Every structure is written in C-alpha cells, then in structure tokens.
Amino acid sequence: MTARRLLLTNDDGIYAPGLVTLANRLHEAGYPLAVVAPDRERSSVGHALTLNRPIRLWEAERGHYAPGVDIFGCDGTPSDCVVLGMEVIDPTVDLVVSGINRGPNLGDDLTYSGTVSAAMEGVILGKGAVAVSLNCQRSEAQNHYETAAVSALKILDWLGENALSRGTLLNVNVPNLSLETIEGFMVTRKGLRTYEGKVTEFRNPHGALSYWIAGKPEDDMAEGTDVWAVAHGLVSVTPIHMDMTHFPSIRFLKEKGLEALGPDTPRR
C-alpha cells in the first residue's frame, strides 16, 4: 500500500514538542508529509479563519525536525494553516493530522480547540482528518508525547485499510502515560465537561477591573465517553461528524407548524 500524503498542523506553535515528535515518528514510518503550523501558540482560537489581512507563509528553520520533513510557518490560525497547506504547499494531501496538542480536548472543549478545528477544516476541504491530544497538565513533570505519537501512527495505519465516512474526523485523546501502561483503545462518544469557577475577577496594579476565563474542569464520568476512557488509561477515539443538524427536531418543528410561520403571523 502506498502511504498517503499527510498535512500536519497544531495550535501550540510550529516548534511545540508534540508536533515535532509526531512529525518525526510519522516520517520515520514512511509517511510523506509537510508541516504547516502557526508561528506561535494559538490555543482555543476555535475555527477562526483570517479574513481581514494577508497571511504570511514561509519555509521555517528545521529545529528538531528530522531531515526530509518539509516545514512551513504561518502567521495565521490553525485553520489558516490547513487552507494554505492544501492550496499552496501540497494540493495532493490525503489526510490532515492536527496535534499532538499539549493538553486534552475532551467533551465540549473540542468546540473551542484550535487543534480539533484544524482537523475540521481538513474535513470541510474534502479530506480525512485526525486530531490528537495528550491529556497532560502544565504542572506534570513529564509529557508522554511519544505515547501519543505511537497511538496516532497505529490509527493512521488502521485508516489506511478502513476509510472514514465523508464528513467525519477522529478526535483522539491519549492518557499521559508511558506506552507500556496504556490499557488499550476505546471508541467513545463525546463526554460532558463543565468548569467550576469559570470566571475569576481581579484588578491590575492600576485598579482596573479585569476577568480571567479558566476554571477547574468537572467531568461527568459516564462510561463510554471520552473523559471516562482517558481517566481509565485508555486512548479515546471519538468520531465527530461535521453535520451538526439535530435530525429528531426536524420532524418536531414541522409537526408543530414552524414552517407555517410568516411575516403576517399575528402575535398572541
């Protein structure tokens, strides 16, 4: 089987260790690939595209990337990187791989994630896509990016024999564990993650009132969800479909007469 051509990106920046580790591992495995990534951290930018200014794209210095990996920096968002990567750098790309993100993208956090949104852009442009995140915290002494890279490689090899439905991407979250202690893989559904104390109020040295949006994550540990799987040492693989239509509501809205509404419908 001929290895498919990959476009790699992330939202942590072009020299983030997760992206470098993933690119080197996939290159070593024989996947032809190009890296197009933001020139700085772009976490939590969601699916933003830059439409109000020109975007720069340049061949970047190698850093710790292996020889033979094509590397390009971009001063736009992760989604910008995917568009330019597919339209300018390599139109023959088959699959977009976004990550390895420093930190998880579990539950509803995937709606904010630049990592997952970059994969979404690949799907919108008609390609397959995988987003990969490592469930690590900034306070932890070690980030097991190699575990996530090996997990991603296994999934890509599997995808070489098993095509995803059109409009679908895989959101992969890997426990921050050594490879030998991973319990396995689990196909999951999106879990529920909320934040306690999401807004913190404080004043700067000049007395101006400011707010910090963060908070402590609180997960609903329902078995079969992404948050449950990662908490139990499993690599979570969640299929995400780009059609966000809630189909059960279509019949309800029609039956309740919503389509009969018009500009002259009287208010009661």
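For the structure, check the block above.
Calculation criteria
- Residues numbered from 1 in each chain as written.
- Predicted model: local features only at pLDDT ≥ 70, side-chain atom pairs only at ≥ 80, totals over all residues.
- Heavy atoms only, no water.
- Helix = DSSP H or I, 4+ residues; strand = E, 2+ residues; numbered from the N terminus.
- Rg over C-alpha atoms; globule rule 2.2 N^0.38 Å.
- Buried < 20%, exposed > 50% of the residue type's maximum accessible area, 1.4 Å probe, protein only.
- Polar contact = N/O pair within 3.5 Å; in protein donor to acceptor, adjacent residues only side chain to side chain.
- Salt bridge = Lys/Arg side-chain N within 4 Å of Asp/Glu carboxyl O.
- Pairing = 2+ DSSP bridges.
- Axes fitted to C-alpha atoms, helices over the stretch in contact; angles between N-to-C directions.
- Parallel < 35°, antiparallel > 145°, perpendicular 65-115°, else oblique.
- Left-handed = near helix turned anticlockwise from the far one by under 90°.
- Contact = heavy atoms within 4.5 Å.
- Nonpolar A, V, L, I, M, F, W, Y, C, P; charged D, E, K, R; others polar.

### Considerations on the overall build of the protein
And step 1. Within the protein, the regular secondary structure consists of six helices and 13 strands.
And step 2. The globule rule puts the C-alpha radius of gyration for 268 residues at 18 Å, and the 20 Å found for the protein is close to it.
And step 3. Considered along the principal axes of its C-alpha atoms, the protein spans approximately 70 × 55 × 45 Å.
And step 4. The buried share among the 268 residues of the protein stands at 45%.

### What about the environment of Thr-92?
And step 1. Mapping Thr-92 onto the fold places it in the loop between helix H2 (78-89) and strand S5 (95-102).
And step 2. Residue classification places Thr-92 among the partly exposed positions, given a relative accessible area of 48%.
And step 3. Separated by 85 residues in the primary sequence, Thr-92 and Leu-7 place their C-alpha atoms 9.7 Å from one another.
And step 4. Among the polar contacts made by the side chain of Thr-92, one reaches the side chain of Arg-5 at a distance of 3.2 Å.

### Let's talk about the environment of Tyr-31
And step 1. Along the polypeptide, Tyr-31 turns up in the loop between helix H1 (17-28) and strand S2 (33-38).
And step 2. Distance in space between the C-alpha atoms of Tyr-31 and Glu-255 is 51 Å, their sequence separation being 224 residues.

### A short note on the pattern of salt bridges
And step 1. Counted according to the given criterion, the structure contains seven salt bridges.
And step 2. Residues Glu-41 and Arg-138 are paired through a salt bridge, measuring 3.7 Å at the closest nitrogen-oxygen approach. Of the two residues, Glu-41 is situated in the loop between S2 and strand S3 (57-59) and Arg-138 in the loop between strand S6 (128-135) and helix H4 (145-159); the sequence distance between them amounts to 97 residues.
And step 3. For Glu-41, a relative accessible area of 41% gives the class partly exposed.
And step 4. With relative accessibility at 64%, the residue Arg-138 sits in the exposed group.
And step 5. Where Asp-108 meets Lys-190, a salt bridge forms, and the shortest distance between an N and an O atom there is 2.4 Å. Here Asp-108, found in the loop between S5 and helix H3 (114-124), pairs with Lys-190, found in the loop between strand S8 (184-187) and strand S9 (192-196); they are 82 residues apart in sequence, far enough to count as distant.
And step 6. Using a relative accessible area of 26% as the deciding quantity, one classes Asp-108 as partly exposed.

### A few points about the sheet that holds strand S4 (residues 70-74)
Within a sheet, each strand pairs with its neighbour through backbone hydrogen bonds, oriented either parallel or antiparallel.
And step 1. With respect to topology, nine strands assemble into an open sheet ordered S3-S4-S2-S1-S5-S6-S7-S13-S8, the strand pairing being mixed. Two strands close off the open sheet at either side, each with one partner strand: S3 and S8. On average, adjacent strands in this sheet sit at an angle of 20° to one another, irrespective of strand direction.
And step 2. Sheet topology places S2 next to S4; five bridges connect them, and they run parallel. Residue Ala-34 lies in a different strand from S4, and its bridge partner there is Asp-70.

### As for the packing of H1 against H4
And step 1. Contact geometry of H1 with H4 gives a least axis separation of 9 Å together with a crossing angle of 45°. In terms of their interaxial angle, H1 and H4 are classed as oblique. The hand of the H1/H4 crossing is right-handed. Every residue of H4 that contacts H1 at Pro-17, Gly-18, Thr-21, Leu-22, Arg-25 and Leu-26 is listed here: Tyr-145, Glu-146, Ala-149, Val-150, Ala-152, Leu-153 and Leu-156.
And step 2. A per-class count over the contact of H1 with H4 returns nine nonpolar, two polar and two charged.

### What about unusual backbone geometry?
And step 1. Ile-100 follows Gly-99 through a cis peptide bond whose omega is 0°.
And step 2. Locating Ile-100 in the fold gives a position in strand S5.
And step 3. One non-glycine residue with positive phi stands out, namely Ser-44, at about 65°.
And step 4. By secondary structure assignment, the location of Ser-44 is in the loop between S2 and S3.
And step 5. With relative accessibility at 59%, the residue Ser-44 sits in the exposed group.

Purely spatial values, then, with no claim about function.
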